[in-house]
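Coordinates in review
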Amino acid sequence: MNRVYVCNCFGVTEAQVKKHAEGGACTPRQIASACKAGTDCGSCVRRIQALLGRGACPRRELVDQGGPVLAELEELEEAA
């Protein structure tokens, strides 16, 4: 499998970002909370924003409504 790294500082792949987004992380800050991507040098933040902007977050409407969306992030971290 070909791994495309989004965050070289913490070795976070595009697939991992998408997995966290599917679990409810819909902003770069929520992605950072889930896997540290974007918290060191910051060069990957725009890439994360681009990934999230491409519909990687199916729960975006919950964020817009103020609903809880991060309940599954711990489970995703444990599975990674």
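Our subject is the structure that appears above.
Criteria and thresholds
- Residues numbered from 1 in each chain as written.
- Predicted model: local features only at pLDDT ≥ 70, side-chain atom pairs only at ≥ 80, totals over all residues.
- Heavy atoms only, no water.
- Salt bridge = Lys/Arg side-chain N within 4 Å of Asp/Glu carboxyl O.
- Helix = DSSP H or I, 4+ residues; strand = E, 2+ residues; numbered from the N terminus.
- Buried < 20%, exposed > 50% of the residue type's maximum accessible area, 1.4 Å probe, protein only.
- Polar contact = N/O pair within 3.5 Å; in protein donor to acceptor, adjacent residues only side chain to side chain.
- Contact = heavy atoms within 4.5 Å.
- Core = buried A, V, L, I, M, F, W, Y, C linked by side-chain atoms within 4.5 Å.

Once that is clear, we can look at the pattern of salt bridges. All chains considered together, the criterion is met by two salt bridges. For glutamate 14, the salt bridge identified is with lysine 18, shortest N-O distance 3.3 Å. Taken together, the residues glutamate 14 and lysine 18, both in helix α1 (residues 14-22) and four residues apart, mark about one turn of the helix. Exposure remark for lysine 18: the relative accessible area of 35% places this residue in the partly exposed category. Among the salt bridges present, the one from arginine 47 reaches glutamate 14, with a minimum N-O distance of 2.6 Å. Note that arginine 47 is positioned in helix α3 (residues 45-56) and glutamate 14 in helix α1, a separation of 33 residues in sequence. Within this structure, Glu14, Lys18 and Arg47 form a network of salt bridges that share partners.

This part covers the side chain of glutamate 14. The class of glutamate 14 is buried, set by a relative accessible area of 17%. A distance of 2.6 Å separates polar atoms of two side chains, one belonging to glutamate 14 and the other to arginine 47. Apart from residues no more than four positions distant in its own chain, glutamate 14 is found in contact with Val4, Val6, Arg47 and Leu51.

The next point concerns the nonpolar core. Generally speaking, a soluble globular protein has its nonpolar side chains buried in company with each other. Formed by 13 residues in total, the largest nonpolar core has its most connected members in Val6, Val12, Val17, Ile31, Ala37 and Ile48. Mapped by element, the contributors of at least two residues to this core are β1 (5-7), α1, α2 (28-35) and α3. Ranked by the residues each element gives to this core, the list is headed by α3, at three residues. Sequence-distant contacts of isoleucine 31, defined by excluding residues within four places in its chain, comprise Val17, His20, Ala21, Ala25, Lys36, Ala37, Ile48 and Leu52.

Bear in mind that shape data such as this cannot, by itself, settle questions of function.
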